[in-house]
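One-letter residues, chain by chain:
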Amino acid sequence: MTTTTGFEVRRVGGRIGAEIVGVDLAAGVEPAIVTEINAALVEHKVLFFREQNLDDDGQTRFASLFGELTGAHPTVPSVDGQPNVLAVNGDEGTRANRWHTDVTFVRTPPKASTLRALVVPPYGGNTLVANAVAAYNDLPAPLRAFADTLWAVHTNDYDYADPPANDVAAERRRVFTSRKYRTAHPVVRVHPESGERGLFIGGFAQRIVGLGATESHDILRLLQSYVTRPENVARWRWSPGDLIFFDNRSTQHYAPDDYGDLPRLLHRVTLAGDVPVGVDGRTSYVIEGDEAEHYTRT
């Protein structure tokens, strides 16, 4: 599809993902193009830009066109001199190889995230992004109605590797949990721009409100299985300079640990989001920790 401003939106999957062709992010993006890119983001959930000539400042400028930026992370330090940039480093034992939505353990998770490839392995190291709206629509009607009523507790008080695989992973866990957060979010979130309903769960969702650990695990596992169905997933094979832009309100993502001891380095810049709203109009609430203003607004 060619847009009114001249660039192309090429779908990469039947349910999720589009490549943006004909936009040079380093050259600056006109307001009309920003509007159309945002509309494409809401529709396709994740956008892919090949071989963009951006540095950290350029990535930050691009992301800021779509809203206010967050800090790099609530607990993990930023790249030196770049308070909005988080290094996503593929060191052994610190790889985020679980499905998750970014920073859902705070009350106002990011609106969207940009990821830019600096170093990529010659094989493996792809990023997978899943459509949580399509997953919700796939649920049988009785299960959809049940999910509409549920709330889940999201927390950072666990890590992707448990127990830590090595000293590096142990230190990462210590930093990651240096401030502890627990927040209750609706399991079904209403998207603030499209009005679509999507499953808002992922790796930080650890417990269903009002239920025990066993029941919570079984329900979350069942719902998560719909998110990660192959037809709901787009896979991106990175080249240096590529940038992806995903809607954190309607997706999950995953980086398979399939590249051995090869280096992999991405930089992430995220946009500040709003408080999730459930089907009944209720909003998310903090159980433990602060409102994370130091992270949400910069």
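Treat the numbers as computed from the prediction; the structure is a model and nothing was measured.

Student: What should I look at first to understand the overall build of the protein in this one?
Tutor: Along the protein, the regular secondary structure elements total 7 helices and 16 strands. Evaluated residue by residue, the protein yields a buried proportion of 53% over its 298 residues. Residue pairs in contact within the protein that sit at least 24 positions apart in sequence constitute 82% of those at least 6 positions apart. Split by element, the accessible area of the protein, about 12500 Å² in all, is 50% carbon and sulfur. Taking the average location of the 30 positive side-chain charges in the protein and that of its 38 negative ones, the two points are 4 Å from each other.

Student: I tried to follow unusual backbone geometry on my own but got confused; where do I start?
Tutor: With phi around 45°, Glu51 is a residue other than glycine that occupies positive phi space. Structurally, the position occupied by Glu51 is in the loop between strand E3 (46-49) and helix H2 (56-64). Judged by relative accessible area, Glu51 falls into the exposed class, the value being 62%. In this structure, Val103 is a non-glycine residue whose phi angle is positive, near 55°.

Student: I would appreciate a short explanation of the sheet that holds strand E16 (residues 285-288) in the present structure.
Tutor: Either a parallel or an antiparallel arrangement is found when strands of a sheet pair, and the pairing is made through backbone hydrogen bonds. The strand order E11-E7-E8-E16 describes an open sheet built from 4 strands, whose pairing is antiparallel. For this open sheet the edge positions go to strand E11 (205-208) and E16, each flanked by a neighbour on one side alone. Neighbour-to-neighbour, the strand axes of this sheet turn through a mean angle of 35°, independent of strand direction. Where strand E7 (residues 151-155) and E11 come together, 3 bridges link them in antiparallel fashion. Bridge pairing links Val153 to Arg207 in E11.

Student: How should a nonpolar patch on the surface be read in this particular structure?
Tutor: Nonpolar side chains collect at one region of the surface, where Val209, Tyr285 and Ile287 lie side by side and expose about 230 Å² of accessible area between them. If you trace the backbone, Ile287 turns up in strand E16.

Student: Whenever I open this one, the packing of helix H4 (residues 141-148) against helix H6 (residues 213-227) confuses me. Can you help?
Tutor: The angle between the axes and the distance between the axes are what describe a pair of packed helices. As a packed pair, H4 and H6 sit with axes 12 Å apart at the nearest point and diverge in direction by 120°. It follows from the interaxial angle that H4 and H6 lie oblique. Once H4 is placed against H6, the crossing between them reads as left-handed. Judged by residue contacts, Leu143, Phe146 and Ala147 of H4 engage Ile219, Leu222, Leu223 and Tyr226 from H6. Tallied by class, the residues present in the contact of H4 with H6 amount to 7 nonpolar, no polar and no charged.

Student: I keep staring at the environment of Tyr295 and nothing clicks. Help me out?
Tutor: Residue placement: Tyr295 occurs in helix H7 (residues 293-296). Between the C-alpha atom of Tyr295 and that of Gly71, which follows or precedes it by 224 residues, the distance is 4.8 Å. Once residues within four sequence positions are removed from consideration, Tyr295 is found in contact with Thr70, Gly71, Ala72, His73, Pro74, Val103, Val106, Pro110 and Thr270.

Student: In this structure, what is going on with the environment of Asp257? I would like to understand it.
Tutor: Structurally, Asp257 can be placed in the loop between strand E14 (251-254) and strand E15 (265-271). The sequence separation of Asp257 and Gly125 amounts to 132 residues, and the corresponding C-alpha distance is 6.8 Å.

Student: Whenever I open this one, the packing of aromatic side chains confuses me. Can you help?
Tutor: The description of an aromatic ring pair uses the distance of the two centres, along with the angle that the planes make with each other. As enumerated under the stated definition, the model contains 9 aromatic pairs in all. Ring centres of Phe48 and Trp236 lie 4.4 Å apart, and the angle between their planes is 10°; on these two criteria the pair is classed as stacked. Placement of the pair is Phe48 in strand E3 and Trp236 in strand E12 (residues 233-236), with a sequence separation of 188 residues. In terms of burial, Phe48 and Trp236 fall into one category: buried.

Student: Could you clarify how one ought to interpret the sheet that holds strand E5 (residues 112-119) in this entry?
Tutor: On the basis of which strands lie adjacent, the open sheet formed by 7 strands has the order E1-E2-E3-E13-E5-E15-E4 and mixed pairing. With one partner strand each, in any of the chains shown, strand E1 (8-11) and strand E4 (86-89) form the two edges of the open sheet. Strand after strand, the sheet turns through a mean of 25° between neighbouring axes, direction not considered. Of the strand pairs in this sheet, E4 and E15 are connected by 4 bridges, and their pairing is antiparallel. Bridged to Ala87 within E15 is His267.

Student: Looking at this structure, how should I read the pattern of salt bridges?
Tutor: Side-chain pairs of opposite charge can arise whenever the charged atoms involved come near each other. This structure, assessed with the given rule, holds 13 salt bridges. For the salt bridge of Asp56 with Arg116, the shortest nitrogen-to-oxygen distance reads 3.1 Å. Of this pair, Asp56 sits in helix H2 while Arg116 is found in strand E5, placing the two residues 60 residues apart along the sequence. A relative accessible area of 13% means that Asp56 is categorised as buried. Arg182 serves as the salt-bridge partner of Glu288, at 3.2 Å between the closest nitrogen and oxygen. Here the residue Glu288 occupies a position in strand E16, and Arg182 occupies one in strand E8 (residues 182-186), the gap between them amounting to 106 residues. With a relative accessible area of 34%, Arg182 lands in the partly exposed category. The network of salt bridges with shared partners includes Arg15, Asp138 and Arg229.

The rules we used
All residue numbers refer to positions counted from 1 along the written sequence of the respective chain. Where totals are concerned, whole chains, interfaces and linings use all residues; where local detail is concerned, this predicted model gives features only for residues with pLDDT of at least 70, and gives and counts side-chain atom pairs only at 80 or more. Calculation of side-chain values draws on the structure's entire complement of heavy atoms; hydrogens and water are dropped beforehand. Every helix listed is a DSSP run of H or I at least four residues long, and every strand listed is a run of E at least two residues long, numbered separately from the N terminus. Under the scheme applied here, a residue whose accessible area is under 20% of the maximum for its type counts as buried, over 50% as exposed, and between as partly exposed, the area being computed with a 1.4 Å probe on protein chains only. The contact criterion used is simple: two residues touch if any of their non-hydrogen atoms lie within 4.5 Å. A 1.4 Å probe and the Shrake-Rupley method give the accessible areas. Residues count as covered only by the protein chains that appear here. Positive charges come from Lys and Arg, negative ones from Asp and Glu, while His and the chain ends are left out of the count. Every charge is mapped onto a representative atom, which is NZ of Lys, CZ of Arg, CG of Asp or CD of Glu. What makes two strands pair is DSSP finding at least two bridges between them. Axes here refer to lines fitted to C-alpha atoms; in helices the fit is confined to the stretch in contact. Angles between the N-to-C directions go from 0 to 180 degrees. Like-charged residues are merged into a patch within 9 Å and nonpolar side chains (Val, Leu, Ile, Met, Phe, Trp, Tyr) within 5 Å, provided each residue has over 30% relative accessible area and no salt bridge. For salt bridges, the criterion is a side-chain nitrogen of Lys or Arg within 4 Å of an Asp or Glu carboxyl oxygen. Put simply, angles under 35 degrees are roughly parallel, angles over 145 are roughly antiparallel, angles from 65 to 115 are roughly perpendicular, and the rest are oblique. By convention the crossing between two helices is left-handed if the near helix lies anticlockwise of the far one by an angle smaller than a right angle, and right-handed if it lies clockwise. Note that Gly is not counted as nonpolar here; it falls among the polar residues with everything else outside the nonpolar set of Ala, Val, Leu, Ile, Met, Phe, Trp, Tyr, Cys and Pro and the charged set of Asp, Glu, Lys and Arg. Two rings from Phe, Tyr or Trp (for Trp, the six-membered ring) form a pair when their centres are within 6.5 Å of each other. A pair whose planes differ by under 30 degrees is stacked, one over 60 is edge-to-face, and the rest are tilted.

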